[in-house]
Amino acid sequence: MKKLLFLSSQLLSCFVFGQIPAPGGISNNLQVWVKANAGTGTSTDNAQVPVWANQRTGGADGIANQGMPGYYADPGISARPVYRTESSISGFNFNPAIEIVSTNGYRSGYKFPSGFPDNATNSLTSYTHLSRTASATYRSVFVMNGTAQSSNTTSIAGIWQSPFFGTKTNRPEFYNEKEFGDVFFGTDVINTVESNTPSIQSYYNTSVGGNMKYFFDNNGFTYGEASNGVSSTNNYPGMVLLMDNDGGSGSTSLAGDRIGEFILYSGTQTPEERQRVNSYLAVKYGITLQQPQNYLGSDQSVTWNAGINTVFNHNIFGIALDDQSVLNQKVSNSIHTENNTMLTLATTNDFTSANAHPGRASFSQDKTFLITGDNNVQDLALVNFGTGSGRIIQRKWLAQKTNDTGSVWLQADLSRYTDIAATDKVFMMVADDEAFTQNVQMISATAFVNGKAVFNHSFVSNRYFVFGVNLLEYCTKDPAPGTPDSYTRIGITGHTHIQSGWPGNVPNGFIALESKNKGFVITRTTSASIVNPVEGMLIYDTAEQCFKLYNGTSWNCIVRSCND
């Protein structure tokens, strides 16, 4: 009976203590969570999405505004937002998006009736992963249409006195006449505006001197508070409008903008909580957060340690399984194409299909991450490596692993490196250090077609890798001439009958082993498990899957090379 009660309490704790799937594992005060890879009711490109289901249990669903009578000119149901498949768009890291269709200045996106609760807080935290294709005046992200505080007495549409969060030209803006706001956040611009490249835009409140100040982050970079220092004096319980302009002067169409995800909390969050939600979105969508900044899992564990080597805090992306965040990214690349990114990671040998393709394998263990960053060197000249004709590219990567990722697939697009010929033998070189001198491994490409090289490898934590050609050129030596001066005196055999003269007929040996169907197995363990290693000690390292030799100072995988 005690065991049964114990199990029941464990199960109960999953519900009582907040074990509810949520972005970054943060479920407290979550009100709206919509994402294009769930709750759309369709997977057909350009199909309308009249209802966008809230992934927060019991939360208000998003209803497309088009075709519903209101204050403003209505473009009709033909202009409802549509679902865009992964293959039809760029920049969403093998994930789909919702695209705004309306050409009308006011009616564009979704309303969430009672999307924000009537509570005592006067704060919010929001995250919107979206692309902003134009920099026109007053392009909203979302509007707090709470009727209790604004002059709007209807639940149909927004009104200009409601808090408006969005952009004006290419800068983040807050507008709300009730709280004396029509201001920018900081002085920086959002450099992805007027492109199809999305970013993670976050509007939120934080207590400063006892006042709830408004702030804005983009990809984890803090732009600062609203320029007039306005504080939030009220919340706006009621309807939330997503990608739907509020009818103010100069509002413009949002047509062409795409949304991957919208998350809204009815409360403030700690910096660590915001970091967890940003990390979830960054890994899912292949976005590099402002550096230096660690990436965190839903359990607060560090999945990318920005302090290991700051040179490699560029173009960060990865594949991951984190059940608490409902994160299952099985193929990924960095969306920062302005940096000429070239690497794709996948759990299977497929670098084109959608992340949700049924043929893709998931990691076998929850909280598993393989995250990479590079040095962002874009020089296309190859540099010599080693004593032979080997050459490597100048861009290098650092891989950081959490739990067992098993064997993963990598595709390197080397087509811009014109010094690499189609007939070259392409390798991936992996090592413990960025100079590639410690525990060096050479992995041959399984395919090299049209400049794209494919590799299959099992990583250990904190390994550097680079791509090159003709790296495995070995020297050979002729055998020593003369007559053997010693013979083997000890032999172990699995044979029933020993051949005449054995093992004495084996020259220059100490011990001879022979069998037709048996192998010689040395100690199988990890180098970390050997407390007092001795120079010359040999093991098979089960973690790095290689024979290792302790040279008196360090353990190293035994690899083929020249002795001179």
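Throughout this document, residue positions are counted from 1 along each chain, in the order its sequence is written. It should be noted that, the model being predicted, local features are given only for residues of pLDDT at least 70 and side-chain atom pairs only at 80 or more, the latter also being counted only at that level, while totals for whole chains, interfaces and linings use all residues. To get the side-chain values, take all heavy atoms of the structure and skip hydrogens and water.

Take the buried residues of types Ala, Val, Leu, Ile, Met, Phe, Trp, Tyr and Cys, join any two whose side-chain atoms come within 4.5 Å, and each joined set is a nonpolar core. Throughout this description, buried means an accessible area under 20% of the type-specific maximum (1.4 Å probe, protein chains only), exposed means over 50%, and partly exposed covers the range between. Grouped together as the largest cluster of nonpolar side chains are 68 residues, with contacts concentrated most on Ile393, Leu414, Phe465 and Phe467. Residue contacts are defined here by distance: any two heavy atoms, one from each residue, within 4.5 Å place the two residues in contact. When neighbours within four sequence positions are excluded, leucine 414 is seen to be in contact with Met342, Ile393, Ile420, Val426, Gly451, Ala453 and Phe467. If you look at the next biggest cluster of nonpolar residues, it comprises 38 residues, including Ala36, Trp52, Val240 and Leu254.

Think of it this way: DSSP has to see at least two bridges between two strands before they count as a pair. Strands here mean DSSP runs of E at least two residues long; helices mean DSSP runs of H or I at least four residues long; both are numbered from the N terminus. Here 4 strands make up an open sheet; going across it, the order is S36-S37-S38-S39 and the pairing mixed. The sheet is open, and its two borders are formed by strand S36 (524–525) and strand S39 (555–557), each paired with just one other strand. Pairing between S36 and strand S37 (residues 538–541): 2 bridges, direction parallel. Bridging across to S37, threonine 525 finds its partner in aspartate 541.

In low-pLDDT segments, the atomic positions of the prediction should not be examined closely. When the pLDDT values of the protein are averaged, the result is 86; 85% of them are 70 or greater. Per-residue confidence from the predictor is given as pLDDT, running between 0 and 100. For the stretch residues 1–18, pLDDT sits under 50, and the model shows 5 contacts to residues farther than four places along the chain or on other chains. Low pLDDT, under 50, characterises residues 155–159; the predicted model gives this stretch 24 contacts beyond four residues in sequence or across chains.

The next thing to look at is helix H2 (residues 271–285). Here H2 spans 21 Å end to end across 15 residues, near enough to the 21 Å set by a 1.5 Å rise per residue. Within H2, 12 of the 15 residues are buried, which leaves the element mostly enclosed by the surrounding structure. Within the sequence span of H2, burial applies to Arg274, Gln275, Arg276, Val277, Asn278, Ser279, Tyr280, Leu281, Ala282, Val283, Lys284 and Tyr285. To estimate the expected span of a helix, count its residues, drop one, and scale the result by 1.5 Å.

Bringing the side chain of asparagine 54 into the picture now. With respect to the helices and strands, the residue asparagine 54 is situated in the loop between strand S3 (51–52) and strand S4 (62–64). Here a polar contact means two N or O atoms within 3.5 Å. Within protein one must be a hydrogen donor candidate and the other an acceptor candidate, and residues neighboring in sequence count only if both atoms are side-chain atoms. A polar contact is formed between the side chain of asparagine 54 and the backbone nitrogen of tryptophan 33, at a distance of 2.9 Å. Here the side chain of asparagine 54 touches alanine 60 through a polar contact of 2.9 Å, landing on its backbone oxygen. In contact with asparagine 54, not counting residues within four places along its chain, are Gln31, Val32, Trp33, Val34, Gly59, Ala60 and Asp61.

Throughout, the protein atoms alone are placed on a 1 Å grid, and a set of points is a cavity if a 1.4 Å probe fits but cannot get out or a pocket if it is open with protein on both sides within 12 Å along at least five of seven lines; lining residues have an atom within 4 Å of a point. Grid points are joined across faces, edges and corners, and a volume is the space filled by probe spheres set on the points. On inspection of all chains with the given rule, the structure shows 3 cavities of 30 Å³ or more. Computed from the structure, the second largest cavity encloses a volume of approximately 50 Å³. Around the second largest cavity, the lining residues are Gly24, Ser279, Tyr280, Val283, Leu296, Gly297, Ser298, Thr303, Asp322, Ser325, Leu327 and Phe369. With 3 residues, H2 is the single largest residue contributor to the lining of the second largest cavity. When residues are grouped by polarity, Ala, Val, Leu, Ile, Met, Phe, Trp, Tyr, Cys and Pro land in nonpolar, Asp, Glu, Lys and Arg in charged, and all others, Gly among them, in polar. Split by residue class, the lining of the second largest cavity holds 5 nonpolar, 6 polar and 1 charged.

Once that is clear, we can look at the packing of aromatic side chains. By convention, a stacked pair of Phe, Tyr or Trp rings (six-membered ring in the case of Trp) has centres within 6.5 Å and planes under 30 degrees apart, an edge-to-face pair has planes over 60 apart, and any other such pair is tilted. Under the criterion given, the structure shown has 25 aromatic pairs. Summarising the aromatic geometry, the rings of tyrosine 127 and tyrosine 265 are spaced 6.4 Å apart at their centres and angled 85° between planes, so their arrangement reads as edge-to-face. One end of the pair, tyrosine 127, is in strand S8 (residues 125–131); the other, tyrosine 265, is in strand S17 (residues 258–265), with 138 residues separating them in the sequence. Classification of tyrosine 265 as buried rests on a relative accessible area of 0%. Arranged with centres 5.6 Å apart and planes meeting at 50°, the rings of phenylalanine 142 and phenylalanine 262 form a pair that is tilted. Taken together, the positions of phenylalanine 142 in strand S9 (residues 139–145) and phenylalanine 262 in strand S17 put the pair 120 residues apart, joining distant regions of the chain. Judged on exposure class, the residue phenylalanine 142 and its partner phenylalanine 262 are both buried. By the ring-pair criterion, three or more aromatic residues cluster together here, those being Phe112, Phe142, Phe165, Phe174, Phe185, Tyr203, Tyr214, Phe216, Phe221, Tyr223 and Phe262.

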